[in-house]
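Below, each chain spelled out in residue letters.
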Amino acid sequence: MHRLAAALSLVLCASPSFAAMQTKPVEWKIGDDSFSGVLVYDNVNAIKRPGLVMVPNWMGITDNAIQHAKNIAGDDYVVLVADVYGKNVRPKNKDEAKAAVGKAYSDGGATLRKRVSEAVTVLKAQDKTAPLDAGRIGALGFCFGGSTVLELARTGANLAGIVSFHGGLKAHLPGNGVKVNAPVLVLNGAADKSVPQEDIVAFEKEMDEAGADWQLVNYSGARHCFAEIENANNAPEDNCRYDERASKRSFAAMRAFFAERFGAR
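On a predicted model such as this, the values are computed, not experimentally measured, just so you know.

Attention now moves to the state of the cysteines. In the structure shown here, the tally under the stated rule is one disulfide. With its sulfur 2.0 Å from that of its partner, cysteine 225 forms a disulfide with cysteine 240. One quick way to see it: the torsion about the S-S bond of cysteine 225 and cysteine 240 is about -110°, and its sign makes the bridge left-handed. Pair noted here: cysteine 225 is in the loop between β8 (214-219) and α7 (244-262) and cysteine 240 is in the loop between β8 and α7, with a separation of 15 residues, a long-range link.

See the structure below:
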């Protein structure tokens, strides 16, 4: 009986269900500015896996953002929840978030591009302490974060792929002939009032001119924030509102996209 109990204990301890999701602070500097993100991964095993830079919505790094990162990471990815505002900038409400976004775009997005590009470098550097394959890196973002990762694409970054969930599509800086090297997947709410048809047409033209491998998926009836369950209780007339159907489909599309880009496991 004692032998059986010991054997059972070993089996249970080796079970993936006992693996722990790790959330570790990561800090870095760009010039005199300090930034603080969160590295998220499951320590189920030491097998190297792809990495994703995840830029949250305009509220920045919050408990909700970290939970999204955990759901995405599973045992498939190492995710860096990226700070693009600065270590001491943590919006407490929509007004503060709007101000932070305005400051981020104050020079047309040049500084924002540098900050999200540095987040990629920071993630790659985690391969010594996390089960990360630094040669397989992608990026994704939500709302403002979706816009931010599209700015990353516009730098010509050589990433496996970039996914924007209900992000803005406008280019704030001229392309200047820069090629978009990373394949791009845009997941858009067809009823999102913040993304008018003219922005979609302009984005498609921009991506074609930049030689991009791009896809844009419109989800019928879905509005802004459709993939973020924390917005499920927003007012019915609010443009920022969770949509269960669109959310499920968009996350499935994201996973299929990255499975293709990284090579299905």
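Here the narrative resumes.
Helix α5 (residues 144-154) sits mainly inside the fold: eleven of its eleven residues count as buried. Buried residues of α5: Phe144, Gly145, Gly146, Ser147, Thr148, Val149, Leu150, Glu151, Leu152, Ala153 and Arg154, and no others.

Each aromatic ring pair is described using two quantities: the centre-to-centre distance and the angle formed by the ring planes. What the rule picks out here adds up to twelve aromatic pairs. When the centroid spacing of 4.7 Å and the interplanar angle of 15° are considered together, the rings of phenylalanine 142 and phenylalanine 165 count as stacked. One end of the pair, phenylalanine 142, is in strand β5 (residues 132-142); the other, phenylalanine 165, is in strand β6 (residues 162-165), and 23 residues separate them in sequence. With a centroid separation of 5.5 Å and 20° between ring planes, the pair formed by phenylalanine 258 and phenylalanine 262 is classed as stacked. Taken together, the positions of phenylalanine 258 and phenylalanine 262, both in helix α7 and four residues apart, correspond to about one turn of that helix. For the pair phenylalanine 258 and phenylalanine 262, one class covers both residues: buried.

So, about the pattern of salt bridges. Applying the stated criterion across every chain, the model contains eleven salt bridges. Across the salt bridge formed by aspartate 76 and arginine 255, the nearest N and O atoms sit 3.9 Å from each other. Taken together, the residues span a long stretch of sequence, with aspartate 76 in the loop between α2 (63-73) and β4 (78-81) and arginine 255 in helix α7 at a distance of 179 residues. Because the salt bridges share partners, they merge into one network encompassing Arg113, Glu151, Arg154 and Glu206.

Another point: the UniProt feature "domain: Dienelactone hydrolase" (unreviewed entry) in the chain. As recorded in UniProt, the feature "domain: Dienelactone hydrolase" (unreviewed entry) lies at residues 39-260. This span, residues 39-260, is 35% helix and 19% strand, and a straight line between its end C-alpha atoms measures 24 Å.

Further remarks concern the sheet that holds β5. Here eight strands make up an open sheet; going across it, the order is β1-β2-β4-β3-β5-β6-β7-β8 and the pairing mixed. Looking at strand neighbours, the two that pair on one side only are β1 (21-30) and β8, the edges of this open sheet. Each strand of the sheet is rotated relative to its neighbour by a mean of 20°, with strand direction disregarded. Relative to β8, strand β7 (residues 184-189) runs parallel, the two sharing six bridges.

Before going further, it helps to spend a moment on α7. Taking 1.5 Å of rise per residue, 19 residues should cover 27 Å, and α7 covers 27 Å from first to last C-alpha, within 8% of that figure. Those residues of α7 that fall on the buried side of the exposure criterion are Ala246, Ser247, Ser250, Phe251, Met254, Phe257, Phe258 and Phe262. Each buried residue of α7 sits inside an arc of 125° when the element is viewed along its axis, so together they form one side. Exposed positions of α7 whose direction lies more than 90 degrees from the buried face are Lys248 and Glu260. Its side-chain oxygen 3.2 Å from the backbone nitrogen of arginine 245, aspartate 243 forms the N-cap of α7. In the stretch just after α7, glycine 263 is the one whose phi turns positive, near 95°.

Counted residue by residue, strand β3 (residues 49-55) has seven buried out of seven residues, so it is predominantly covered. Sheet topology note: the β3/β5 ladder contains six bridges and is parallel. Following the sheet pairing, methionine 54 is matched in β5 by leucine 140. Sheet topology places β3 next to β4; four bridges connect them, and they run parallel. Looking across to β4, one finds that leucine 52 is bridged to valine 79. Handedness of the β-α-β unit built from β3, α2 and β4 comes out right-handed.

If you check the backbone angles, cysteine 143 has positive phi at about 55° while not being a glycine. Within the secondary structure, cysteine 143 sits in the loop between β5 and α5. At histidine 166, a position not held by glycine, the phi torsion is positive, near 35°. Relative to the elements of secondary structure, histidine 166 occurs in the loop between β6 and β7. A relative accessible area of 0% means that histidine 166 is categorised as buried.

Rules used throughout
- Residues numbered from 1 in each chain as written.
- Predicted model: local features only at pLDDT ≥ 70, side-chain atom pairs only at ≥ 80, totals over all residues.
- Heavy atoms only, no water.
- Disulfide = S-S within 2.5 Å.
- Helix = DSSP H or I, 4+ residues; strand = E, 2+ residues; numbered from the N terminus.
- Buried < 20%, exposed > 50% of the residue type's maximum accessible area, 1.4 Å probe, protein only.
- Phe/Tyr/Trp six-rings, centres within 6.5 Å; stacked < 30°, edge-to-face > 60°.
- Salt bridge = Lys/Arg side-chain N within 4 Å of Asp/Glu carboxyl O.
- UniProt positions renumbered as here; feature names shortened; annotations may be inferred.
- Pairing = 2+ DSSP bridges.
- Axes fitted to C-alpha atoms, helices over the stretch in contact; angles between N-to-C directions.
- Expected span 1.5 Å × (residues − 1).
- Arc of directions from axis to C-beta.
- Polar contact = N/O pair within 3.5 Å; in protein donor to acceptor, adjacent residues only side chain to side chain.
- Right-handed = clockwise from strand over helix to strand, strands pointing away.

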